[in-house]
Amino acid sequence: DQNDPVLFDFFLEKNMLGIFWRLLEQRETPVSVKVQMLQTLSILISNIEAGPSIYYILSNDHINELIRHPFDFSHEELLAHYISLLKAIALRLDEHTVQCRHLQRLPPPLPMLGPLAAAAAAWSSSSSSSQ
């Protein structure tokens with residue numbers, strides 16, 4: 001609930017972003033779990049209030065790792081939730097959050113262009129092969 005900070009405080013206190021990242025990067029984690037985690041992160045980023053909470057999420061290096069991770073985009077649902085997460089992150093960028101030191105360490109011009117291009121290419125090839 002975006003009006004109740006207790007859940008987000010618990011998320012921070014237990015370093016859930018780090019736990020999510022460790023599970024997402026493991027090959028053994030089932031795709032269905034990865035999809036759910038990407039969806040959860042996308043919803044979380046979309047719904048938290050601006051200010052310290054969004055700054056904390058974006059300043060954490062786990063987001064960089066997530067953006068850079070070579071997910072298997074042959075799974076359409078995984079691809080869709082990855083793109084939704086990138087969109088949620090992009091929509092939260094402003095003059096303050098874009099200055100996060102972790103985001104600045106990503107290669108120019110935009111950190112998500114490489115993964116996004118790969119995701120778009122995977123989506124394009126999967127949608128053209130299904131027609």
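**A closer look at the confidence of the model for the protein chain**
Then step 1. Looking at the protein chain as a whole, the pLDDT averages 76, with 69% of positions reaching at least 70.
Then step 2. When the criterion is pLDDT under 50, residues 106-110 qualifies, and its contacts beyond four places in sequence or with other chains add up to 4 contacts.

**Focus: the packing of aromatic side chains**
Then step 1. Counted under the stated rule, the structure contains 3 aromatic pairs.
Then step 2. Taking 6.4 Å as the distance between ring centres and 50° as the angle between the ring planes, the aromatic pair formed by F71 and F73 counts as tilted.
Then step 3. Residue F71 is classed as buried on the basis of its relative accessible area of 6%.
Then step 4. A ring pair is formed by F73 and Y82, whose centres lie 5.0 Å apart and whose planes are at 50°; its orientation type is tilted.
Then step 5. Note on Y82: relative accessible area 0%, which makes it buried.
Then step 6. Grouped by ring-pair contacts, the aromatic residues F71, F73 and Y82 constitute a single cluster.

**Observations regarding the packing of helix α5 (residues 61-68) against helix α6 (residues 76-92)**
Then step 1. Relative orientation of the contacting elements α5 and α6 amounts to 135°, with a least axis distance of 11 Å. Considering the angle they form, α5 stands oblique to α6. Crossing angle aside, the handedness with which α5 passes α6 is left-handed. Of the residues in α6, those touching α5 at I63, L66 and I67 are Y82, L85, L86 and I89.

**Remarks on unusual backbone geometry**
Then step 1. In the Ramachandran plot, N15 falls in the positive-phi region, its phi being about 50° despite a non-glycine side chain.
Then step 2. Mapped onto the elements, N15 comes out in the loop between α1 (5-13) and α2 (16-25).

**Some points on the environment of I63**
Then step 1. Within the element layout of this structure, I63 appears in helix α5.
Then step 2. Separated by 42 residues in the primary sequence, I63 and W21 have C-alpha atoms spaced 8.3 Å apart.
Then step 3. What I63 contacts, discounting residues up to four positions off in sequence, is L17, I45, I57 and I89.

Conventions used here
- Residue positions are counted from 1 within each chain, in the order its sequence is given.
- Given that the model is predicted, a residue must reach a pLDDT of at least 70 before its local features are reported, and side-chain atom pairs must reach 80 or more before they are shown or counted; all residues, however, enter totals for whole chains, interfaces and linings.
- With hydrogens and water excluded, all non-hydrogen atoms of the structure serve as input to the side-chain values.
- You can read pLDDT as the predictor saying how much it trusts each residue, on a scale of 0 to 100.
- In what follows, residue pairs with any heavy atoms lying within 4.5 Å of each other are defined as contacts.
- Two rings from Phe, Tyr or Trp (for Trp, the six-membered ring) form a pair when their centres are within 6.5 Å of each other. A pair whose planes differ by under 30 degrees is stacked, one over 60 is edge-to-face, and the rest are tilted.
- Summary of the burial criterion: residues with accessible area below 20% of their type's maximum are buried, those above 50% are exposed, and those between are partly exposed, where the area comes from a 1.4 Å probe applied to protein chains only.
- All axes here are fitted lines through C-alpha atoms, helices being fitted over the stretch that makes contact, and every angle between N-to-C directions spans 0 to 180 degrees.
- For helices the rule is a DSSP run of H or I covering at least 4 residues; for strands it is a run of E covering at least 2, with both sets numbered from the N terminus onward.
- To sort the angles, those under 35 degrees are grouped as roughly parallel, those over 145 as roughly antiparallel, those from 65 to 115 as roughly perpendicular, and the leftovers as oblique.
- Left-handed describes a crossing whose near helix is turned anticlockwise from the far helix by less than a right angle; the clockwise case is right-handed.

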